Amino acid sequence: MVAPTGNWWLPASLQEKKWVTLSFVWCMILFAMMPLWHFRGGQNPSGIRGKTTPAAFRARVDRFIKEYQVGTDHGYPLVAPPPGADIYLQAQMWSWTPVLKLKKNASYTLHLSSVDVNHGFSLYPVNLNFQVVPGYDYGLRITPNIAGEFNIICNEFCGILHHNMVGKVIVEE
Ligand SMILES: [Cu+2]
C-alpha cells in the first residue's frame, strides 16, 4: 500500500470544530453532574454498603425478629423496632421477611439483602426503588414521613412466582 501524497484530508471546518467543542463541553457537564447530583439531587440514597453472606444475613434477620417481634401478619413475623434501630429486611424467592412496623418521623437504618437471587425493592405507592443483591448488605437511612400501610413489591424478575413477592411496611403516627 502506498500512502496518498500531499495533504489529502480536508482540515476540519469551523462548524466541525464548533460541534466537537460543544460536544466535549456537554460531555464534561454531564460527567460533572453525576457526582454533583449524588449530593444535590435528593433522590439518590447515600447508603452504607457492606459485604455479607446469605447465611450471615439470614441469621441477622432472625436475631432482629427475635428481638423485636410483636405479633404476626398473614403468617409473617410482625416486627416493631425502636426508633433509631438498625432494621433488617430479607428478600427471598418469593417473600419479604419480616413485616416492619415503624414510627412516623423516626429514623432507622434499613438493611436490605437477598438470600438467593437478585430482587428489587419497590415501595408502593411511594416510588422508591432499590436493588437487593445477595452477598451485599445495603443499609439505607430512612425516615418514614407518611403514616399508613405500604407494600413492597419485587421489581426484579426472580422466577415463576415473582408476581407473588409482596411485603409490607406499616408506618404508625
Ligand atoms: Cu424477587
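Rules behind the numbers
Residues numbered from 1 in each chain as written. Predicted model: local features only at pLDDT ≥ 70, side-chain atom pairs only at ≥ 80, totals over all residues. Heavy atoms only, no water. Helix = DSSP H or I, 4+ residues; strand = E, 2+ residues; numbered from the N terminus. Rg over C-alpha atoms; globule rule 2.2 N^0.38 Å. Buried < 20%, exposed > 50% of the residue type's maximum accessible area, 1.4 Å probe, protein only. Lys, Arg positive; Asp, Glu negative; His and termini not counted. Charge placed at Lys NZ, Arg CZ, Asp CG, Glu CD. Pairing = 2+ DSSP bridges. Axes fitted to C-alpha atoms, helices over the stretch in contact; angles between N-to-C directions. Donors = N, O, S within 2.8 Å, 3.2 Å for Na, K, Ca; no water. Tetrahedral: all angles 85-135°; square planar, octahedral: opposite > 155°, others 65-115°. Salt bridge = Lys/Arg side-chain N within 4 Å of Asp/Glu carboxyl O. Core = buried A, V, L, I, M, F, W, Y, C linked by side-chain atoms within 4.5 Å. Contact = heavy atoms within 4.5 Å. Expected span 1.5 Å × (residues − 1). Bend = angle between axes of the 7 residues up to and from the residue. Patch = residues over 30% accessible without salt bridge, like charges linked within 9 Å, V, L, I, M, F, W, Y side chains within 5 Å. Areas by Shrake-Rupley, 256 points an atom, 1.4 Å probe, with all protein chains shown as cover.

J.: Is there a simple way to explain the overall build of the chain in this structure?
T.: Assigned secondary structure in the chain consists of two helices and twelve strands. Listed by position from the N terminus, the elements making up the chain come as α-β-α-β-β-β-β-β-β-β-β-β-β-β. Computed over its C-alpha atoms, the radius of gyration of the chain comes to 24 Å, more than 25% above the 16 Å expected for a compact globule of 173 residues. Once the C-alpha set of the chain is aligned to its principal axes, its extents read approximately 85 × 40 × 25 Å. The proportion of buried residues among the 173 residues of the chain is 34%. Counting 14 positive and 11 negative side-chain charges, the chain places the averaged centre of each group 8 Å from the other.

J.: What is the right way to read the sheet that holds strand E6 (residues 99–103) from this model?
T.: Strand-to-strand pairing in sheets goes through backbone hydrogen bonds, with the strands running parallel or antiparallel. The strand order E2-E3-E6-E12-E11-E8-E9 describes an open sheet built from seven strands, whose pairing is mixed. Each edge of the open sheet carries a strand with a single partner, namely strand E2 (69–73) and strand E9 (128–132). Along the sheet, successive strands turn relative to each other by an average axial angle of 25°, direction set aside. By the bridge criterion, six bridges tie strand E11 (residues 148–154) to strand E12 (residues 166–172) in an arrangement that is antiparallel. Bridging from a neighbouring strand, Ile-153 pairs with Val-166 of E12.

J.: Looking at this model, I keep getting lost on the coordination of the copper ion. Mind explaining?
T.: Angles between donor atoms at a metal ideally measure 109.5 degrees for a four-coordinate tetrahedral arrangement and either 90 or 180 degrees for a six-coordinate octahedral one. The protein atoms that coordinate the copper ion are His-119 (ND1), Cys-154 (SG), Cys-158 (SG) and Met-165 (SD), at distances of 2.0 to 2.6 Å. The coordination sphere of the copper ion comprises four donor atoms, whose angles at the metal cover 92 to 125°; the geometry is tetrahedral. Written as a sequence motif, the donor arrangement for the copper ion is H-x34-C-x3-C-x6-M. Of this pair, Cys-154 sits in strand E11 while Met-165 sits in the loop between E11 and E12, placing them eleven residues apart in sequence. With relative accessibility at 4%, the residue Cys-154 sits in the buried group. Classification of Met-165 as buried rests on a relative accessible area of 1%.

J.: So what exactly am I meant to see when it comes to the pattern of salt bridges here?
T.: Pairs can form between side chains of opposite charge whenever their charged atoms are close. What the rule picks out here adds up to five salt bridges. Across the pair Lys-101 and Glu-172 runs a salt bridge, and its minimum N-O distance is 3.6 Å. Of the two residues, Lys-101 is situated in strand E6 and Glu-172 in strand E12; the sequence distance between them amounts to 71 residues. Classification of Lys-101 as partly exposed rests on a relative accessible area of 24%. For Lys-168, the salt bridge is made with Glu-149, and the minimal N-O distance between the two is 3.6 Å. Placement of Lys-168 in strand E12 and of Glu-149 in strand E11 is noted, with a sequence separation of 19 residues between them. A residue is classified by how much of its surface remains accessible, and Glu-149, at 54% relative accessible area, is exposed. Each of Asp-73, Glu-149 and Lys-168 takes part in a single network of salt bridges with overlapping partners.

J.: Would you mind showing me how to read the nonpolar core here?
T.: The nonpolar side chains of a soluble globular protein tend to be buried, and buried together. One finds Ile-87, Leu-89, Trp-96, Leu-100, Leu-112, Phe-121 and Val-169 to be the most contacted residues of the largest nonpolar core, which totals 30 residues. Those residues within four positions of Leu-112 in sequence are excluded, and the remaining contacts are Phe-57, Leu-89, Phe-121, Phe-130, Val-132, Tyr-136, Asp-137, Tyr-138 and Leu-140.

J.: Even after reading the chapter, I still don't get helix H1 (residues 14–40), so can you show me in this structure?
T.: An α-helical turn contains 3.6 residues, so any two residues separated by three or four positions project in the same direction. Here H1 spans 37 Å end to end across 27 residues, near enough to the 39 Å set by a 1.5 Å rise per residue. For H1, the principal kink sits at Met-34 and spans about 35°; a proline, Pro-35, occurs within the next four residues.

J.: Looking at this model, I keep getting lost on a nonpolar patch on the surface. Mind explaining?
T.: Together, Phe-24, Val-25, Trp-26, Met-28, Ile-29, Leu-30, Phe-31, Met-33, Met-34, Leu-36 and Trp-37 make up an exposed nonpolar region whose accessible area comes to about 1,100 Å². Mapping Leu-30 onto the fold places it in helix H1.

So, to be careful, I would describe these as geometric facts and stop short of saying anything about function.
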